[in-house]
Amino acid sequence: VDEAWASPNKSGLITFNLNADGSLTKSAFADIPRGGPVATQRYNKNKNIAIAHYGGHGITTFTDKNGAFELLQNIGYEGRPVGPKPQQADGPHVHHSVLDPTGQYIIFPDLGLDVTHVFCIDKSTGKLVEQAELKAPAGYGPRHATFWKSGSKTYVYIVHELVSKVIGYEVTYVRSGGLTFKQVDEVSTYGPNADPAVTQFGAAAEISVSPDNKFILASNRNVTLTQVPNVDPTNSTKINSNSIISYKLASGGKLEFVQLAPSGGLFPRHFEIKQDGTEIAIANQNSANVRIYKRDVKTGKI
């Protein structure tokens, strides 16, 4: 996706063919009638794609016609009451698009409205059917989410950008349709000894479950708590670093603190854990670098 911030009809969904040598060839382009697309989610056996629009204040869905996408839905939330924080004043900010473990629902955290939108998937048409929302406390700013399946139970964890907290919920599937959520935990993305005077300036970003299904990690932006060695061995000047938090997933969906580790730069917007869990790649937006760290699979420490 080309984000194009808040400019309708300028953002686009671009398709590439992957060639045998690893190179890419552009094969299709679809106009998106809503600006600021920031997250995509394939669903309905990959026949459809749902897009969250931060700058465009809504959601779009598309049908995949062999890599050429056709618009299916254009859902807007303009005009709804927003949260109390300055970052929410300019309207809804749908920030993530996440498929549940059953493939029946997609949820969309909305930083501007302090809610997570919930949709059921109509498998025959590919359309999303709106269900009851999950409301966050005022001013929390839900940003990204991840599901965790533990035995017969399903949990969802939502990271809240404006307060740097993760809230965990047990998810119940209602027989007549929809999801209900029971809060099971709320933790700081700076750990149990977080200093409110410092972390109020944080901006939590990404959240993910480790590949072994045992840990949750989240990234913190905008608060420098440590410095790391320079990547240039001839330069002794240390680099300011934001952080990555790790929690162990425990019984009943509780989160047990493991570590607050450096991200290796500033504003870690995204991170990805290697499939075997032994490494983590962290994209630090404001320092324009990607740092790769080793990770202990048993302890979860970076």
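Residues numbered from 1 in each chain as written. Predicted model: local features only at pLDDT ≥ 70, side-chain atom pairs only at ≥ 80, totals over all residues. Heavy atoms only, no water.

In the nomenclature of an unreviewed UniProt entry, the chain is known as Putative isomerase YbhE of Bimuria novae-zelandiae CBS 107.79. UniProt, in its Sequence similarities (unreviewed entry) section for the chain, records the words "Belongs to the cycloisomerase 2 family." (UniProt positions renumbered as here; feature names shortened; annotations may be inferred.)

S.K.: Please provide a residue-by-residue account of the nonpolar core, values included.
M.R.: Judged by nonpolar contacts, the single largest core of 16 residues is most densely connected at Trp148, Tyr157, Val166, Ile207, Ile216, Leu249 and Leu255. Among the elements of the structure, β13 (153-160), β15 (179-188), β16 (207-209), β17 (215-220) and β20 (243-249) are those that each provide at least two residues to this core. Contact partners of Val166, with chain neighbours within four places excluded, come to Tyr157, Ile158, Val159, Asp185, Glu186, Val187, Thr189, Ile207 and Leu255. (Core = buried A, V, L, I, M, F, W, Y, C linked by side-chain atoms within 4.5 Å. Buried < 20%, exposed > 50% of the residue type's maximum accessible area, 1.4 Å probe, protein only. Helix = DSSP H or I, 4+ residues; strand = E, 2+ residues; numbered from the N terminus. Contact = heavy atoms within 4.5 Å.)

S.K.: Residue-level account of the pattern of salt bridges, with values.
M.R.: Scanning all chains against the criterion turns up six salt bridges. For Arg221, the salt bridge is made with Glu161, and the minimal N-O distance between the two is 3.2 Å. Within this pair, whereas Arg221 is found in the loop between β17 and β18 (226-228), its partner Glu161 is found in the loop between β13 and β14 (165-173), the two being separated by 60 residues in sequence. Each member of the pair, Arg221 as well as Glu161, is classed as buried. Salt-bridge contacts for Glu186 lead to Lys165; the nearest nitrogen and oxygen are separated by 3.2 Å. Separated by 21 residues along the polypeptide, Glu186 in strand β15 and Lys165 in strand β14 bring together distant segments of the chain. With a relative accessible area of 27%, Lys165 lands in the partly exposed category. Sharing partners across several salt bridges, the network here consists of Arg143, Glu161 and Arg221. (Salt bridge = Lys/Arg side-chain N within 4 Å of Asp/Glu carboxyl O.)

S.K.: Help me get a handle on the pairing of strand β8 (residues 105-110), residues and values and all.
M.R.: Of all six residues that make up β8, six are buried, and the element is covered over most of its length. Side chains Tyr105, Ile107 and Pro109 of β8 all project onto a buried face; the interleaved residues Ile106, Phe108 and Asp110 project onto the opposite face, where all are buried too. Bridging between strand β7 (residues 98-99) and β8 involves two bridges; their strand directions are antiparallel. Following the sheet pairing, Val98 is matched in β8 by Ile107. Hairpin connection of β7 to β8: five residues between the antiparallel strands, including Gly103 at a positive phi of 75 degrees. Where β8 folds back onto strand β9 (residues 115-121) in an antiparallel hairpin, the turn is made up of four residues, including Asp114, whose phi is positive at roughly 60 degrees. (Pairing = 2+ DSSP bridges.)

S.K.: A description of the pairing of β13 should follow, citing residues and the corresponding values.
M.R.: Here β13 lies mainly inside the structure; seven of its eight residues are buried. Across eight bridges, strand β12 (residues 142-150) lies against β13 in antiparallel orientation. By the bridge assignment, Lys149 is partnered in β13 with Thr154. The antiparallel hairpin formed by β12 and β13 contains two residues in its connecting segment, where Gly151 sits at a positive phi of about 65 degrees. Bridge count for β13 against β14 is seven bridges, and the pairing is antiparallel. The partner of His160 across the bridge, within β14, is Lys165. Where β13 folds back on β14, the antiparallel hairpin that results is connected by four residues, among which Ser164 adopts a positive phi of roughly 55 degrees.

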